[in-house]
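Next come the chains, spelled out residue by residue.
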Amino acid sequence: MGILRLAVRIMGRISTFRSYQFVLLLAAALAVVAFYYFGSERQNFSSTTKRIKQTQATHNGNRNDADLTEDRDWGGESEGSRSRKRESGDTDDQRYHALMMFTKVDKSRSLQDKFRVAMLSMVKYGDFLEEEILVLHFVSDQASKELGERMLQEFLLDAPFKYEVFFHDVVALTQKLFPIVEAMQKHFSAGSGAYYSDAIFFLSVAMHHIMPESLTRIVQLDLDLKYRTNIRDLFQEFDQFPPGAVIVWHNTSGDPPPDGLPGFNSGVMLLDLGAMRDSALYNQLLEPSNVAKLADQYRFRGHLGDQDFFTMIGMEHPELFYSLACGWNRQLCSWWQDHGYGDVFQMYYRCEGLVYIYHGNCNSPIPDD
């Protein structure tokens, strides 16, 4: 019996000790939760955002509050942004939205180099007011997204303005776009499996249908750009839209105006999504029967996706477009000069005045500053 009582006392002590350990572990877990919940100002940041914030804090005292999120509301605010606005009392932050296609970048060193040039030059000249935020949207596959997150840690490190970054899944967006643009793909795609045959390369055509209505303006940009001025100034071109216009970009092909009809290059596009939603004319032109009618009328067969569609409807309805000065999309491609158009090439290539954005299309080298 003595041995039994001794065993009972030992087991009781072990049980008490285990209970004490459990309480300690529970307290430690609650402390960790409290640290992240209260110590981080209730901000719901992704792991990538935390890494960028930590890197920036080491480098420059966390001068920029970055927010990198995935597949959130296109026009919505991040939890971090809402927290900052509550604390400061500022409820009027203005957002400038810019979108870039970022697919297959992980497989192309050339695209990675172009992205570096674009982002570093954007940061170099970028200048926004304190209450303004540049929102960068990237349409991406998973592998390119992971690479892009790492690259942006470096490129945005010294950004003197507030910004947010959103990655959007290319497959999910393609599924939304396909029912809208399926009819036009056969007219403006290079063929099955070709680069522009995917519905995603008609994103600008139907962006107003898949974005939330709170997002009313967005700039779509190619990766092979080099900025030579503040990108904020580009957004001011929205104020130059004449009544009825829904899209801004640079004329580049067709017989030169005023004698001919313009073509367009989609390297730099300003999309007034609100005007696109409100335009009965523009939305009628998206209907399959009207697409086929115009393609037959102009005997139009293209392979450049949205660029061809906009060029075609611009022939019939130029009032839907407002043309940027060529300096906002200074194209450097000279391939056509040596391939059948040498006699007229300079009529299109010439660009007088200041250059605000270089466009290194068809892998053309971009001049150094």
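The structure presented is a predicted model; accordingly, all values stated were derived computationally and were not measured. (Residues numbered from 1 in each chain as written. Predicted model: local features only at pLDDT ≥ 70, side-chain atom pairs only at ≥ 80, totals over all residues. Heavy atoms only, no water.)

Draft legend 1. How the structure looks around the packing of aromatic side chains. What the rule picks out here adds up to 14 aromatic pairs. Taken together, a centroid distance of 5.4 Å and an interplanar angle of 25° make the contact between Phe-138 and Phe-167 stacked. With Phe-138 in strand β3 (residues 132–140) and Phe-167 in strand β4 (residues 162–169), this pair connects stretches of sequence that are 29 residues apart. By relative accessible area, Phe-138 is classed as buried at 0%. When the centroid spacing of 6.0 Å and the interplanar angle of 75° are considered together, the rings of Phe-310 and Phe-321 count as edge-to-face. With Phe-310 in helix α12 (residues 306–316) and Phe-321 in strand β9 (residues 321–323), the pair connects residues that are 11 residues apart, well separated along the chain. Like Phe-321, Phe-310 is buried. Among the aromatic residues, those joined into a cluster by ring pairs are Tyr-96, Phe-128, Phe-161, Tyr-163 and Phe-235. (Phe/Tyr/Trp six-rings, centres within 6.5 Å; stacked < 30°, edge-to-face > 60°. Helix = DSSP H or I, 4+ residues; strand = E, 2+ residues; numbered from the N terminus. Buried < 20%, exposed > 50% of the residue type's maximum accessible area, 1.4 Å probe, protein only.)

Draft legend 2. Molecular detail of the side chain of Thr-311. Relative to the helices and strands, Thr-311 is located in helix α12. Note on Thr-311: relative accessible area 8%, which makes it buried. At a separation of 2.9 Å, a polar atom in the side chain of Thr-311 contacts the main-chain carbonyl oxygen of Gln-307. (Polar contact = N/O pair within 3.5 Å; in protein donor to acceptor, adjacent residues only side chain to side chain.)

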